[in-house]
Amino acid sequence: MNTPASTDQAEILKDEAIEWLIRLSADHCPADDRHAFEHWLQQSAAHQAAYRQVAGRMNWLERVAKSDTQTRTAALQYRPARQTPLKQHKFKLATVASLLIVLGVATFSSEGWYGNSSHYQVARGSHETISLADGSKLEMNTDSEIKVRINHWQRTVEVVKGEVYFSVIHNAEKPFVVTAGAGRSIDIGTEFDVYRQPDQVIIAVQEGSVRVEAKQSRELIASEAVAYNQNGDFVNLPPKLSIDSVTAWRRGKLIFDNRRLDEVLSEIGRYHKVQLRLAETQLADNKVSGTFFIERLEGNLATIANSLNLTVHHVSDGEIVLAKH
């Protein structure tokens, strides 16, 4: 059985193999590209296996397209008796083209062998909803990036960075798998939030259930959350962390319950094109509680400063510093 990491790597290598196949099939493929391909191919046996798989599939398509199939033979038998060589040639081309279209759709469509992939990015301060062909919806939070792959067997989303809320249409025959960092989450009919931070990934379930697989496996139900670090080890979350606070960004809010000041500034800063920092490192230990509106940067900072007896200094257009009075 493949581990999450090996599954991700196989998908990446398959994408790279297809790119090489396309580049090498060009009428005037540069010598540099061929040398680069040979270097890529010799990196590992996995690279070679990925290319063999993709090239073998395409060779099979070409053989089928060129073969004298029963359908093609029957069609040719019913051509007009006085058909000219030019018309015969056009008919053959049309037959082969039609066959390639059918096989190509079956192979590379969202329901096919390879499927298709999409890449989405949301800028800092933005919020976007993506609707997938199966009816599932993905809400992307600020400064987030994902890669989506859908094929005949599986629906896969990689959270490259940021935070995404998933509303999944369950299909037991085609699992919905979300990879992020050193683990993955498998939908069992649910709505859940995935937040990929620099040092950990947080999975929080709103409805239904999710199986989270890292070094170990845990199944979460509604109102439960878990986190794992860069090594795939499960780590502790704040004891008072609630699903309402995790998903408050969908309502334009941020909710903190006795959170460290440095963590609060980091969260607020995700939504604004400005650097928020503390004048002294020891100020980070101050605790903050309350509900804040994401768009009200100045008001949020003023509220925090007043509660902790601090001052707000606008050092420049792109930097704000909180310091002692």
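Before reading on, note that the structure itself is shown above.
Description of the structure in this document. Remember, predicted model here, so these are calculated numbers, not experimental data.

In this section: the packing of helix H7 (residues 261–269) against helix H8 (residues 297–308). Contact geometry for H7 and H8: axes closest at 12 Å, N-to-C directions at 175°. Between H7 and H8, the crossing angle belongs to the class labelled roughly antiparallel. Of H8, the residues touching H7 (which contributes Leu261, Val264, Leu265 and Ile268) are Leu297, Asn300, Leu301, Ile304 and Leu308. Of the residues that constitute the contact of H7 with H8, the class distribution is 8 nonpolar, 1 polar and no charged.

Judged by nonpolar contacts, the single largest core of 28 residues is most densely connected at Leu138, Phe166, Phe192, Val194 and Ile203. For this core, the elements supplying multiple residues, two or more each, are strand E3 (137–140), strand E4 (144–150), strand E5 (155–167), strand E6 (176–180), strand E7 (183–196), strand E8 (200–213) and strand E10 (225–229). For this core, the element with the highest residue contribution is E8, accounting for 5 residues. Formed by 25 residues, the second largest nonpolar core is a distinct cluster that contains Trp249, Phe256, Ala284 and Val288.

Before going further, it helps to examine the pattern of salt bridges. In the structure shown here, the tally under the stated rule is 15 salt bridges. Note that Arg184 and Glu213 form a salt bridge whose closest N and O atoms lie 2.9 Å from each other. Pair noted here: Arg184 is in strand E7 and Glu213 is in strand E8, with a separation of 29 residues, a long-range link. Its relative accessible area of 10% is what places Arg184 among the buried residues. When the shortest N-O distance is used, the salt bridge between Lys324 and Glu280 registers 3.9 Å.

Turning to the sheet that holds strand E13 (residues 275–278), a few remarks are in order. On the basis of which strands lie adjacent, the open sheet formed by 3 strands has the order E13-E16-E15 and mixed pairing. Every other strand in the sheet has two partners, leaving E13 and strand E15 (310–316) as the edge strands with one partner each. Neighbour-to-neighbour, the strand axes of this sheet turn through a mean angle of 25°, independent of strand direction. Where E15 and strand E16 (residues 319–324) come together, 6 bridges link them in antiparallel fashion. Looking at E16, one finds that His313 is bridged to Val321. Against the sheet, H7 contacts E13, E15 and E16, and its axis sits at roughly 170° relative to E13. Packing of H8 onto the sheet brings it into contact with E13, E15 and E16, and relative to E15 it is tilted by some 140°.

Parameters at a glance
Every chain is numbered on its own, with residues counted from 1 as its sequence reads. Local features in this predicted model are restricted to residues of pLDDT 70 or higher, and side-chain atom pairs are both shown and tallied only at a pLDDT of 80 or more, whereas totals for entire chains, interfaces and linings draw on every residue. Hydrogens and water molecules were not included; the side-chain quantities draw on all heavy atoms of the structure. Here an angle of 0 to 180 degrees is reported between the N-to-C directions of two axes, which are lines fitted to C-alpha atoms, with helices fitted over the stretch in contact. Only DSSP runs of H or I reaching four residues or more are called helices, and only runs of E reaching two or more are called strands; each is numbered from the N terminus. Geometric relationships in this document are graded by angle, where less than 35 degrees denotes roughly parallel, more than 145 denotes roughly antiparallel, 65 to 115 denotes roughly perpendicular, and other angles denote oblique. Only heavy atoms matter for contacts: two residues are in contact if any of them lie within 4.5 Å across the pair. Gly is put with the polar residues, along with every residue not named as nonpolar or charged; the nonpolar set is Ala, Val, Leu, Ile, Met, Phe, Trp, Tyr, Cys and Pro, and the charged set is Asp, Glu, Lys and Arg. As used here, the term nonpolar core means buried Ala, Val, Leu, Ile, Met, Phe, Trp, Tyr and Cys residues forming a set that is joined through side-chain atoms within 4.5 Å. With a 1.4 Å probe rolled over the protein chains alone, any residue whose accessible area is under 20% of its type maximum counts as buried; one over 50% counts as exposed, and the rest are partly exposed. When a carboxyl oxygen of Asp or Glu lies within 4 Å of a side-chain nitrogen of Lys or Arg, that pair is called a salt bridge. A pair of strands is treated as paired once DSSP finds two or more bridges between them.

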